[in-house]
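Single-letter residue listing:
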Amino acid sequence: MSTEQPGNDPFRKPDEPGGQQRPQGDGGSPYGNPPPPPPPPPEAGGPQTPYGGGGGYQGGPYGSPYGTDPLAGMPPLASRGKRLLARIIDALIIGIPVTVVVGLAQGGYHDARGDTYAQQGVYTLVYLIYEGLMLTMSGQTVGKKLMRIRVAMLQNGAVPVGTPGWFRAAVYSLPALVPCLGFLFWLVNVLFCTWDQPYRQCLHDKAARTVVVAVD
């Protein structure tokens, strides 16, 4: 290899002007003129993303093996307030009819504990079917449509068709059937997005590898 090739400077290109050693000249320094300073290194973090910052999330836990931001090109993450309002709307849409129908079906039979558990079981089953069907069709329940947010696969932003949509709905709904511990899990689940970073995921999002994003 020629001795005129540049050294191990990672910021200097082989064909960069000044990269070759300048021959000695009369009256000049015995070591030749110093080369020009190297160009600055590329900006840390790579290109800008729609979510601010230079490097996104460095690939994240579900990012590609190339370290790209899995949310690049997707809409912004939905606000926690809109997610909560969407859940309240969906709960009312399912809860009110279920309460009326179960109350009429039970008639004159009064067993407070049994009535409550039966009503909870019917509500959970109906809500599971409602959410599972709507998420796999469009990524949106009625509440999410009104709040202009939707559920998307973290990997590529697609609608959670099939297993991911149903699994997400099941992790949210079914634990409520377990006495005492079910409510505790549900509470931790829905609050998890308030401190989760950077994707604002609840536990059912992490289980299904989904995020909730705004709809333009």
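Values in this document were obtained by computation on a predicted structure and should not be read as measured data. (Residues numbered from 1 in each chain as written. Predicted model: local features only at pLDDT ≥ 70, side-chain atom pairs only at ≥ 80, totals over all residues. Heavy atoms only, no water.)

## Here's the deal with the overall build of the protein
No. 1: When helices and strands are tallied, the protein shows 6 helices and 2 strands.
No. 2: Going from N to C terminus, the protein has its helices and strands arranged as α-α-α-β-α-α-α-β.
No. 3: Taking the contacts inside the protein whose residues are at least 6 apart along the sequence as the reference set, 61% of them involve residues at least 24 apart.
No. 4: With the model as given, the accessible surface of the protein reaches about 13,300 Å², and the carbon-plus-sulfur share is 65%. (Helix = DSSP H or I, 4+ residues; strand = E, 2+ residues; numbered from the N terminus. Contact = heavy atoms within 4.5 Å. Areas by Shrake-Rupley, 256 points an atom, 1.4 Å probe, with all protein chains shown as cover.)

## Things to note about the packing of aromatic side chains
No. 1: For the structure shown, the criterion picks out 5 aromatic pairs.
No. 2: Of the aromatic side chains, those joined through ring pairs into one cluster are Tyr-123, Tyr-127, Tyr-130 and Tyr-172.
No. 3: Against the face of Tyr-172 rests Arg-87, its NZ or CZ located 3.6 Å from the ring centre. (Phe/Tyr/Trp six-rings, centres within 6.5 Å; stacked < 30°, edge-to-face > 60°. Lys NZ or Arg CZ within 6 Å of the ring centre and 35° of its normal.)

## Here we look at the pattern of salt bridges
No. 1: Inspection of every chain in the model, using the stated rule, returns 5 salt bridges.
No. 2: Taken together, the salt bridges that share partners define one network made up of Arg-83, Arg-87, Glu-131, Arg-168 and Asp-205. (Salt bridge = Lys/Arg side-chain N within 4 Å of Asp/Glu carboxyl O.)

## Let's talk about the pairing of strand β1 (residues 149-153)
No. 1: Burial within β1 is extensive, with 5 of its 5 residues counted as buried.
No. 2: Side chains Ile-149, Val-151 and Met-153 project from β1 onto one buried face, and the interleaved Arg-150 and Ala-152 project onto a second face that is buried too. (Buried < 20%, exposed > 50% of the residue type's maximum accessible area, 1.4 Å probe, protein only.)

## Some thoughts on the confidence of the model for the protein
No. 1: Mean pLDDT over the protein: 77, with 65% of residues reaching 70 or higher.
No. 2: For residues 16-29, every residue scores under 50 in pLDDT, and the model assigns this stretch 12 contacts once sequence neighbours within four places are set aside.
No. 3: The model gives residues 44-67 a pLDDT under 50, and that stretch makes 40 contacts with residues more than four places away or in other chains. (pLDDT = per-residue confidence, 0-100.)

## Description of the side chain of Thr-136
No. 1: Relative to the helices and strands, Thr-136 is located in helix α2 (residues 112-138).
No. 2: Its relative accessible area of 15% is what places Thr-136 among the buried residues.
No. 3: Among the polar contacts listed, one links the side chain of Thr-136 to the backbone oxygen of Gly-132, at a separation of 2.9 Å.
No. 4: With residues up to four places along the chain from it excluded, the contact list for Thr-136 reads Val-159, Pro-160, Val-161, Gly-162, Gly-165 and Trp-166. (Polar contact = N/O pair within 3.5 Å; in protein donor to acceptor, adjacent residues only side chain to side chain.)

## Here we look at the pairing of strand β2 (residues 210-214)
No. 1: Here β2 lies mainly inside the structure; 4 of its 5 residues are buried.
No. 2: Bridging between β1 and β2 involves 5 bridges; their strand directions are antiparallel. From the neighbouring strand, Met-153 faces β2, where its bridge partner is Thr-210. (Pairing = 2+ DSSP bridges.)

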